[in-house]
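Descriptive analysis of the structure
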Amino acid sequence: LLPQYPDRFGGMFALRRQAILDFLDGRTLDPIAPRLVPLDEDGIPFRVGGYQGYEAIAFVGDRMFLTIETQRGLPGLGAMLGDIVAGQIAADGSAASLSALTRMEIPAQAGLDNTADEALTVVEGRLITFYEANGANVNPRPVAHVFEPGPTRLAAAPAMTMTALEYRLTDATPAGTDGRFWVINYFFPGDRDKLRPAADPIAARFGAGATHAVCPQVERLVELRAAGGRIERTETPPVQLTLLNCATARNWEGLAELPGRGFLLATDQHPGTILAFVAGAAP
């Protein structure tokens, strides 16, 4: 679990997979306690101009990769940019470190405030980052940025064109061997003027669940596929979450597979920090 500002806590957090399975299978009802993973940030919060915290994390073996959101200039006036940085995590998960020398800039796409590359996945060993806003009215030609994780540095590769996806894209799972992966697709009605959502082709194709049909927010998982230099939606129906009510939007920003069972999701502070299990399509 990656906090936006790890220095406020002394690092990241980890949960034992077996503890989660024991809870889901009813072998225990004890709360699942997170373990601190100390993180050496190599001074990144001070070295990166306009630093606004971390947004995404992915792993390739014992290497880890994080995206960073930055604001160059005054809010609403300066440019929003992203960065990607590499680091290492101990095999036993006891500690982790980043290297500021590996940092590379990721250009923003739509010029929206507080919006950068929010999600990160791994496809055949390559890193693919996703901008948060990919709707037709704000980002008519979205792309996914690609990076090759060299032994000591990152190298930019040609970007992949991407199908439009309304609302926000806030996290992604690693891709399978067929290039398929899942993303969080979320809409907070207070972002309507900012995101200017167009007609939603996913809802038009698959319909809306009982709660999505009557409430303005969107909380769902959407399957995408990386193939032939492009990111596209698959024919798999979305996983639509049952909404709490029409006034409470859960800002889901963390997503992981629980193989053979479903997904684990986490919110930020809105409406509070929530760790949730969603039974479903994860392999």
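The preceding data block contains the structure.
Computed from a predicted model, the values in this text were never measured in an experiment. (Residues numbered from 1 in each chain as written. Predicted model: local features only at pLDDT ≥ 70, side-chain atom pairs only at ≥ 80, totals over all residues. Heavy atoms only, no water.)

Here we look at the environment of E253
- Secondary-structure assignment places E253 in strand β17 (residues 252-258).
- On the basis of relative accessible area, E253 is assigned to the partly exposed category, the value being 23%.
- Expressed as a C-alpha distance, the spacing of E253 and R103, which sit 150 residues apart in the sequence, is 23 Å.
- Apart from the residues lying within four places of it in its own chain, the contact partners of E253 are E55, E118, R168, T170, D171, I184, A266, T267 and D268. (Helix = DSSP H or I, 4+ residues; strand = E, 2+ residues; numbered from the N terminus. Buried < 20%, exposed > 50% of the residue type's maximum accessible area, 1.4 Å probe, protein only. Contact = heavy atoms within 4.5 Å.)

Looking at the packing of aromatic side chains
- Applying the stated criterion across every chain yields a total of 6 aromatic pairs.
- Relative to Y54, the ring of Y51 lies with its centre 5.8 Å away and its plane at 75 degrees, an arrangement referred to as edge-to-face.
- When its relative accessible area of 2% is taken as the criterion, Y54 is described as buried.
- Measuring from ring centre to ring centre gives 5.6 Å for F130 and F181, while their planes differ by 40 degrees; the resulting arrangement is tilted. Residue F130 is found in strand β8 (residues 126-131), and its partner F181 is found in strand β13 (residues 180-187); the two are separated by 51 residues along the sequence.
- Here F181 falls in the buried class, since its relative accessible area comes to 0%. (Phe/Tyr/Trp six-rings, centres within 6.5 Å; stacked < 30°, edge-to-face > 60°.)

Topic: a nonpolar patch on the surface
- Together, F23, L24 and L29 give the surface a local cluster of nonpolar side chains, amounting to about 290 Å² of exposed area.
- With respect to the secondary-structure elements, L29 resides in the loop between α1 (17-24) and β2 (35-40). (Patch = residues over 30% accessible without salt bridge, like charges linked within 9 Å, V, L, I, M, F, W, Y side chains within 5 Å. Areas by Shrake-Rupley, 256 points an atom, 1.4 Å probe, with all protein chains shown as cover. Salt bridge = Lys/Arg side-chain N within 4 Å of Asp/Glu carboxyl O.)

Some points on the state of the cysteines
- Inspection of every chain in the model, using the stated rule, returns 1 disulfide.
- Note on cysteine connectivity: C215 is disulfide-linked to C246, with sulfurs 2.0 Å apart. The disulfide joining C215 to C246 has a torsion of about -75 degrees about its S-S bond and is therefore left-handed. Residue C215 is found in the loop between α4 (201-206) and β14 (218-227), and its partner C246 is found in the loop between β16 (239-240) and β17; the two are separated by 31 residues along the sequence.
- When its relative accessible area of 41% is taken as the criterion, C246 is described as partly exposed. (Disulfide = S-S within 2.5 Å.)

Looking at the nonpolar core
- Core analysis: the largest hydrophobic core is formed by 19 residues, its most contacted members being I128, F130, L169, F181, V183, L224 and I231.
- Elements supplying a minimum of two residues to this core: β7 (117-123), β8, β10 (143-149), β11 (154-162), β12 (165-172), β13 and β14.
- Every residue in contact with F130, bar those within four places of it in the chain, is listed here: A116, D117, E118, A119, T121, A144, M162, L169, F181 and I231. (Core = buried A, V, L, I, M, F, W, Y, C linked by side-chain atoms within 4.5 Å.)

Focus on unusual backbone geometry
- The omega angle of the peptide bond from H270 to P271 is 0 degrees, so this bond is cis rather than trans.
- Note that P271 resides in the loop between β18 (262-267) and β19 (275-279).

Regarding the sheet that holds β2
- Strands sit in the order β1-β2-β6-β5-β4-β3 across an open sheet of 6 strands; the sheet is mixed. On the outer flanks of this sheet lie β1 (11-14) and β3 (51-60), each paired with one strand and no other. Sheet twist, expressed as the mean angle between neighbouring strand axes with direction ignored, is 35 degrees.
- As judged from the 7 bridges shared by β3 and strand β4 (residues 63-72), these two strands associate in the antiparallel manner. The residue of β4 that forms the bridge with I57 is L66. (Pairing = 2+ DSSP bridges. Axes fitted to C-alpha atoms, helices over the stretch in contact; angles between N-to-C directions.)

Nothing here speaks to function; it is geometry throughout.
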